[in-house]
Amino acid sequence: MTNENPIVPAGSERRDAVREKAQKVQARQTRAKALRRGGIALVVVAAVVAIAFAVTSAVLPALNRPTLSPENLDDNGLVVGEGDDLTPMATTSLQTEEPAPEAGSASGSSASAVSIRVYVDYLSEGSAEFEQTNAAQLAEWVSQGAADLAYHPVALLTAKSNGTKYSLRAAGAVACVRTHSPEAALAYNHALLVDQPSADSDGYTDDELASMAAAVGADDADAVRDCIENEDFVTWASDTTQDVLENPLPDTDGVELAGAPMILVNGRPYQGQLDDPAEFAQFVLTVSSDAYYSTATPTPAPAE
């Protein structure tokens, strides 16, 4: 007679129990691992969304912000006029004994004063050197009516300030002063050049640039500060620099901007020593004399 309920060995029951328990443990571990992976994925997604939001919040206002144009400039240059204070330039310690072009003489006149344009980068050592050694005689020539003077801020050394874009910010700051306190712009330009930070440094902060503007006598100091700290004219400075790099300089025979400073006298580039005011004065005398004699009307010969 066959036994319908065979007895299962005790060892087999233990193995089945262990196997079942192991399967349950494995199932729990699998669920826990899936939950962890899902949690990590959610965290990553949240982080990506947060970063995207931050970048969008920072970039979109800048992209949507209109490019502002400064006021009181001529061809993007700081043209020295009657309201500009020449005192800081005139009191620069370095002087020259070389005579200046005299108004009404063959070397210059109030009607046809020699044109001097200086393209400067406020982080360029050469720009600082030229200003320090020639500012006094430039101021004298302008006051005598023998020269028309203009400074053109450019930003060629933007990458030389540890990522702070000092050249751009300084050029924009000069435009801020010219726009909101025009009579102080020439003194501010002079201060930024003679008190220039070192190349490969961070340069002045926007707060320091604004304080320097107040120190040279900017009247509407609050408007100037807001303009500088908001970097209202940084885009203008960038666009202006790009324009002069891509096109010949105005009123020249195809002269291109090759660096800073670039000094043009009646459209002719000065290639002498930046720290030799006598050499520069002689170049100005030569150019202005050439201009005079090339335009002089010959005196008619008396009739016989």
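Above this text you will find the structure in question.
I would appreciate a short explanation of the nonpolar core in the present structure.
A general tendency of soluble globular proteins is for nonpolar side chains to be buried together. Judged by nonpolar contacts, the single largest core of 55 residues is most densely connected at Ile-116, Tyr-151, Tyr-188 and Phe-280. In terms of residue count, helix H4 (residues 166-180) provides more of this core than any other element does, 9 residues in total. Other than its neighbours up to four places away in sequence, Tyr-188 contacts Ala-173, Val-174, Val-177, Leu-209, Met-212, Ala-213, Val-216 and Ile-228. Among the nonpolar cores identified, the runner-up in size contains 8 residues, and Tyr-119, Val-154, Val-244 and Met-262 belong to it.

Even after reading the chapter, I still don't get the sheet that holds strand S3 (residues 147-153), so can you show me in this structure?
Whenever strands of a sheet pair, they do so through backbone hydrogen bonds, lying parallel or antiparallel. The strand order S1-S3-S2-S4-S5 describes an open sheet built from 5 strands, whose pairing is mixed. The outermost strands of the open sheet, each flanked by one partner alone, are strand S1 (78-79) and strand S5 (268-269). Across 7 bridges, strand S2 (residues 114-120) lies against S3 in parallel orientation. Paired with Tyr-119 across the strands is His-152, a residue of S3.

Is there a simple way to think about the layout of surface pockets in this case?
The method is simple in principle: a probe with the dimensions of a water molecule rolls over the atoms, and the space it marks as empty is what remains. Roughly 360 Å³ of volume is contained in the largest pocket. Mapped by element, the contributors of at least two residues to the lining of the largest pocket are S2, helix H3 (125-144) and S3. A total of 5 residues in the lining of the largest pocket trace back to one element, the largest contributor, which is S3. Residue composition of the lining of the largest pocket, grouped by class: 9 nonpolar, 6 polar and 6 charged.

Where do I start with the pairing of strand S4 (residues 262-265) in this structure?
Along a regular strand, successive side chains alternate from one face of the sheet to the other. Because side chains alternate across S4, one face comprises the buried residues Met-262 and Leu-264, and the other comprises Ile-263 and Val-265, equally buried. Sheet analysis places S2 next to S4, joined by 4 bridges and oriented antiparallel. Considered in S4, the bridge of Arg-117 is made with Leu-264. Relative to S5, S4 is paired through 2 bridges, and the arrangement is antiparallel. Of the residues in S5, the one forming a bridge with Val-265 is Arg-268. In textbook terms, the turn of a hairpin is the stretch between consecutive antiparallel strands, and for S4 and S5 this stretch comprises 2 residues, one of which, Asn-266, has a positive phi near 50 degrees.

What's the story with empty space enclosed by the protein in this structure? I'm lost.
As enumerated under the stated definition, the model contains 1 cavity of 30 Å³ or more in all. Considering only enclosed or pocket space, the largest cavity measures out at about 40 Å³ in volume. Around the largest cavity, the lining residues are Leu-73, Gly-77, Leu-78, Tyr-151, Pro-153, Val-174, Ala-175 and Arg-178. Elements represented by at least two residues in the lining of the largest cavity include exactly S3 and H4. Here the lining of the largest cavity takes 3 residues from H4, the largest share from any one element. Residue composition of the lining of the largest cavity, grouped by class: 6 nonpolar, 1 polar and 1 charged.

What exactly am I supposed to notice about the packing of aromatic side chains here?
The relation between two aromatic rings is expressed through the spacing of the ring centres and the mutual angle of the planes. This model, assessed by the stated rule, comprises 5 aromatic pairs. Relative to Tyr-204, the ring of Tyr-166 lies with its centre 6.1 Å away and its plane at 65 degrees, an arrangement referred to as edge-to-face. Of this pair, Tyr-166 sits in helix H4 while Tyr-204 sits in the loop between helix H5 (185-194) and helix H6 (206-215), and the two are 38 residues apart along the sequence. The buried category is assigned to Tyr-166, whose relative accessible area is 0%. For the ring pair Tyr-270 and Phe-280, a centre distance of 5.0 Å and an interplane angle of 75 degrees mean the geometry is edge-to-face. Separated by 10 residues along the polypeptide, Tyr-270 in the loop between S5 and helix H9 (277-295) and Phe-280 in helix H9 bring together distant segments of the chain. In this structure Tyr-270 comes out as buried when scored by relative accessible area, which is 8%. Following the ring pairs from residue to residue traces out a cluster consisting of Phe-130, Trp-141, Tyr-270, Phe-280 and Phe-283.

Would you explain H6 in this entry?
An α-helical segment advances 3.6 residues per turn. Residues three or four places apart therefore align on the same side. Here H6 has its buried residues at Asp-206, Leu-209, Ala-210, Met-212 and Ala-213. Take H6 and look down its axis: the buried residues cluster within an arc of 155 degrees, on one side only. Against the buried residues of H6 lie H4, H5 and helix H7 (221-229). Taken from the residues just after H6, Gly-217 is the one with a positive phi, measuring 105 degrees.

When you look at the pattern of salt bridges in this model, what are you seeing that I'm missing?
Oppositely charged side chains may form a pair once their charged atoms are brought near each other. By the definition in use, this model includes 5 salt bridges. With a shortest N-O distance of 3.3 Å, Lys-160 and Asp-200 are connected by a salt bridge. One end of the pair, Lys-160, is in the loop between S3 and H4; the other, Asp-200, is in the loop between H5 and H6, with 40 residues separating them in the sequence. In this structure, Arg-225 engages Asp-207 in a salt bridge whose closest nitrogen and oxygen atoms are separated by 2.7 Å. Taken together, the residues Arg-225 in helix H7 and Asp-207 in helix H6 connect sequence positions 18 residues apart. The exposure class assigned to Asp-207 is partly exposed, which follows from its relative accessible area of 41%.

Definitions and cut-offs
- Residues numbered from 1 in each chain as written.
- Predicted model: local features only at pLDDT ≥ 70, side-chain atom pairs only at ≥ 80, totals over all residues.
- Heavy atoms only, no water.
- Core = buried A, V, L, I, M, F, W, Y, C linked by side-chain atoms within 4.5 Å.
- Buried < 20%, exposed > 50% of the residue type's maximum accessible area, 1.4 Å probe, protein only.
- Helix = DSSP H or I, 4+ residues; strand = E, 2+ residues; numbered from the N terminus.
- Contact = heavy atoms within 4.5 Å.
- Pairing = 2+ DSSP bridges.
- 1 Å grid on protein atoms, 1.4 Å probe; cavity = no way out; pocket = protein on both sides within 12 Å on 5 of 7 lines; lining within 4 Å.
- Points joined across faces, edges and corners; volume = space filled by probe spheres on them.
- Nonpolar A, V, L, I, M, F, W, Y, C, P; charged D, E, K, R; others polar.
- Phe/Tyr/Trp six-rings, centres within 6.5 Å; stacked < 30°, edge-to-face > 60°.
- Arc of directions from axis to C-beta.
- Salt bridge = Lys/Arg side-chain N within 4 Å of Asp/Glu carboxyl O.

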